[in-house]
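Each chain is listed here by its residues.
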Amino acid sequence: MTRSILTLILILFTIVFAKAQTAMTNVDARNSTCLNGKWQTIIDPTGVGNWREVWKEKVPEKKTDFYEYSFEGGPVLEVPGDFNSQIKEITYLEGTVWYKKTFTYTRDSSKRLFIHFGAVNYLADIYLNGEHLGQHEGGFTPFQFELTHKVLEGENRLIVKADNSRKSDGLPGLGFDWFNYGGITRDVNLVETNATYIDDYSIQLKKGSNNQVLGWVKLNGKKPQQQIEINIPELNVKYKTQSNAKGIGVITFKGKFDHWSPENPKRYEVIIKCETDALKDTIGFRTIKVQGPTVVLNGKSIFLKSINIHEENPLKGARAFSKDDAKLLLTWAKELGCNMVRLAHYPHNEYMVKMAEKMGLMVWSEIPVYQHIEFSTPGVEDKMDLMMREMIKRDKNRCGVVIWSLSNETYSSTANRDLALSNLTKKCRALDSTRLITHVINTQGYANNTFNVWDTLYRYSDIISINEYVGWYEPWQGKPVDTKWDLIYPDKPVFISEFGGEALYGSNYGPKDEAAYWSEEYQEQIYKDQIEMFKTVPNLVGVCPWLLVDYRSLGRMHPIYQKGYNRKGLLSEKGEKKKAWFVMKNYYDKVSSDE
Ligand code: GCU
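Residues numbered from 1 in each chain as written. Predicted model: local features only at pLDDT ≥ 70, side-chain atom pairs only at ≥ 80, totals over all residues. Heavy atoms only, no water.

Q: Any details on the pattern of salt bridges? Residues and values, ideally.
A: Tallied over the entire structure, the rule returns 44 salt bridges. Its salt-bridge partner being Glu146, residue Arg112 comes within 2.8 Å of it at the nearest N-O pair. On the criterion of sequence distance, the pair formed by Arg112 in strand E6 (residues 111–117) and Glu146 in strand E9 (residues 143–146) is long-range, its members being 34 residues apart. The network of salt bridges with shared partners includes Glu137, Lys167, Asp169 and Lys383. (Salt bridge = Lys/Arg side-chain N within 4 Å of Asp/Glu carboxyl O. Helix = DSSP H or I, 4+ residues; strand = E, 2+ residues; numbered from the N terminus.)

Q: Talk me through helix H3 (residues 323–336); I want residue IDs and the actual numbers.
A: Residues spaced three or four apart along an α-helix point in a common direction, a consequence of the helix completing one turn every 3.6 residues. Its 14 residues give H3 an end-to-end C-alpha distance of 20 Å, which sits within 8% of 20 Å, the value for a rise of 1.5 Å per residue. If you check which residues of H3 are buried, you get Asp325, Ala326, Leu329, Leu330, Trp332, Ala333 and Leu336. Projected onto a plane normal to the axis of H3, the buried residues spread over an arc of 150° and lie on a single side. In H3, the exposed residues that point more than 90 degrees away from the buried face are Lys323 and Asp324. Each element contacted by the buried residues of H3 is listed here: strand E22 (304–309), strand E23 (312–313), strand E24 (318–319), strand E25 (340–343), helix H4 (350–359) and helix H8 (579–590). (Expected span 1.5 Å × (residues − 1). Buried < 20%, exposed > 50% of the residue type's maximum accessible area, 1.4 Å probe, protein only. Arc of directions from axis to C-beta. Contact = heavy atoms within 4.5 Å.)

Q: Pulling in residues and values, what's your account of the nonpolar core?
A: As a rule of thumb, nonpolar side chains are buried together in soluble globular proteins. Of all hydrophobic cores here, the largest spans 73 residues; its most connected members are Leu330, Val341, Val543 and Tyr587. When residues are assigned to domains, this core turns out to be shared by domain 1 (3–194) and domain 3 (299–594), each giving three or more. In this structure Val543 touches Phe303, Leu304, Lys305, Ser306, Phe495, Ile496, Phe499, Phe534, Met584, Tyr587 and Tyr588, once residues within four positions along its chain are discounted. One finds Leu77, Val97, Val120 and Leu147 within the second-largest nonpolar core, a separate group that totals 30 residues. (Core = buried A, V, L, I, M, F, W, Y, C linked by side-chain atoms within 4.5 Å. Domains from an automatic or database assignment.)

Q: Pulling in residues and values, what's your account of the site of the ligand?
A: With respect to spatial proximity, 14 residues lie near the ligand, and among them Asp177, His345, Glu409, Tyr473 and Glu498 are the closest. Here Tyr469 contributes a side-chain N or O atom positioned 3.5 Å from an oxygen atom of the ligand. For the ligand, an oxygen atom lies 2.9 Å from a polar atom in the side chain of Asn566. Compared with its free state, where it exposes 320 Å², the ligand has 95% of that area covered by protein. For the shell around the ligand, the per-class residue count stands at 5 nonpolar, 4 polar and 5 charged. (Near = heavy atom within 4 Å. Polar contact = N/O pair within 3.5 Å; in protein donor to acceptor, adjacent residues only side chain to side chain. Areas by Shrake-Rupley, 256 points an atom, 1.4 Å probe, with all protein chains shown as cover. Nonpolar A, V, L, I, M, F, W, Y, C, P; charged D, E, K, R; others polar.)

Q: Give me the lowdown on the domain arrangement of the chain, citing residues and values where you can.
A: Partitioning the chain into domains gives domain 1 (3–194), domain 2 (206–285) and domain 3 (299–594). Taking only C-alpha atoms into account, the centre of domain 1 sits 34 Å from that of domain 2. With 5 residues of domain 1 at the interface, the matching set in domain 2 holds 7 residues. Together, the buried faces of domain 1 and domain 2 total about 490 Å²; carbon and sulfur atoms form 36% of this surface. The tally of links between domain 1 and domain 2 comes to 1 salt bridge. Measuring nitrogen to oxygen at the nearest pair gives 3.9 Å for the salt bridge that ties Arg30 to Asp277. Here domain 1 is connected to domain 2 by 3 residue pairs in polar contact (both at pLDDT 80 or more). (Buried area = accessible area lost by both parts, 1.4 Å probe.)

Next comes the structure, spelled out in C-alpha cells:
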C-alpha cells in the first residue's frame, strides 16, 4: 500500500511540478528543425480548456459522443508572434490560447531530441502526444524540454498552453506600463543532439584582463569526461582541455584580441568542440568596468549614449521577434547617435542582442522585477533567480551586453525588497563577475531644486541608475542648471536611466507651453532643460531617454493624445521624428564618447 502511494505521489509530483530545463546555449548553431509558421489554436478566454483537457484531443467514437472543443476548424496563428495582434477579437485578451503543431520524426537511438522555445508569455504548459511535459513561467526567456524518450516514430502532436494572465506573484506583477502581448512570441525549434552534447559554455575575457580568456564548457550526457577544444582560427588559438566527471571543462588561454567596441564591433569565429559535439559561435572580446566615478571600456572611459527600447515593432503594433524587427529598432537607435540600448524592461529576443553587438551597440539587459513585486511571497525569489539565470545563460557570451539590470523602480516600502535584491545581486555576480550590475531606482527626493538620492539599494549597484521625469511628472523647482545633488554613494558613477515626457507627433491642439495638449514643443523643452540639468550631475557616465518610439500601453487612455499609446517616444509609432529627437541627436553628436 505504502509503496503504491509513494509511487503515485512521485508521479503526481512529476506531472504537476515538472519544470522546464534552462535552455541550451546558442540554438542557432545546432541541428534544429524550426517549427515556426502556422499553428492551429483554440481561443480559451475563460481557461475552461483545462477542465475539458483539450490536450487529449478526444474525438467522438460512439454516435452519442461529442466534445465541445477542437483544433480542427479553429483559428490559425503565426508562430512566433503575439496572439493579441493577430486576431482582432482577442486584442485585449489576458488569458489562454492553446496552440497545436504536428511534426514527424524518425527516431535514432544515438540521438537526443529537445523542444526549445525562445519565449512564451507568460505561463507555458507543454504537452506531447497528450502527455503534460511540464510548465515554464516567465514571458521573456528561453526554455526547453527533452523529448528523447517521449517522441514517437512518425507523427507527433505538440500542444502549448500559453496564458498571459497577470499574476500578483509574477515577474512582472499585476501592473506594468507596456502591452501584455501573450502567446508563443519567439521561435520554436526541435533540436537534435548526440547522446552527449555541449549544453553551455562561457568564453569571455577574465575580469580585469584584456588578453586572458577564463571560461568553461559544460557537457550534458552519459560521457561527461571528454577532450574539449576551443579554436579561434583568426588568432591561431587551439586550446585543449579535459572535462571532468560533471562534464565541466575549464577554459583559460591568451589571445591578441582586437577588442570589441562601438567604433570597432570586432567579433571572432569561435569553434567549441568535444569528442561528440561541435558548435560555432561569433564572439567578441572586451573589458568593461567601473573605475572610481567612471565606466571604462577597454581601458578608456566611455559616456553611455543610450536609449530605452521596448520589444515592439511600432509599424505593426505587435511584439517584435525577428531579425527585421531588430534591424528596424536598432537602426533608429544608431541614427539617434547611441552607443548603447537599454532593452526595457525584460530580456529581448536573441536577434536583438546579437544584432546590437554586430552593429556596435552596447546592451543593457534587464529582468522584469518591475515596480510592485511580492518579494515576500514564497516562490518569488526563486522566480527572480531563475529568470536571472536564464537571461545570463543565453547572453553571457555576447560581449555587447555590458550591464545586467536586476530591477526597475521597485518600492522601498515593500517587505524583503532590499534583502531579496541584494541576494539576487550576489548570485548574479557569482554567475558573471565580468559585467556591471545595477538596480534602476526612482525613490529619490526632489525638493528645493535638489535631488536627494538616498536609496540603500544603490549599495549593491555598480552604477547609480536614476529614473527622473522632472519637466513632465513634476515641474522644475528652479533653473535646471542650478540643480543640486545629494548622493548616498558620492563616489559611484551616475546614469540617468530614464527621463523625458510625452508628445503626440504633429499635435496642434492648444498652447505649446501647456502639458495638457501633448505638443512636440513641450516635449522639446523638457529635453532642452534636462540637457541643461545633466551639466550638474556628479559622475555622470551616461543618459537614456525614455524612450525611442511611442509604444502601446493600455493605461495611456487619453482618447485624443494617447489612444492606448505611451507617447514618450522621440519617434512616433510611424517612425516620424518629433522635435525632441533633434535636441537629443544634437546632444549625442556634441557630447564626446568619453565625456
Ligand atoms: C517609469 C517606468 C517606465 C514607464 C515610464 C513612464 O519610469 O520605468 O516603464 O513607462 O516611467 O511613466 O512612461
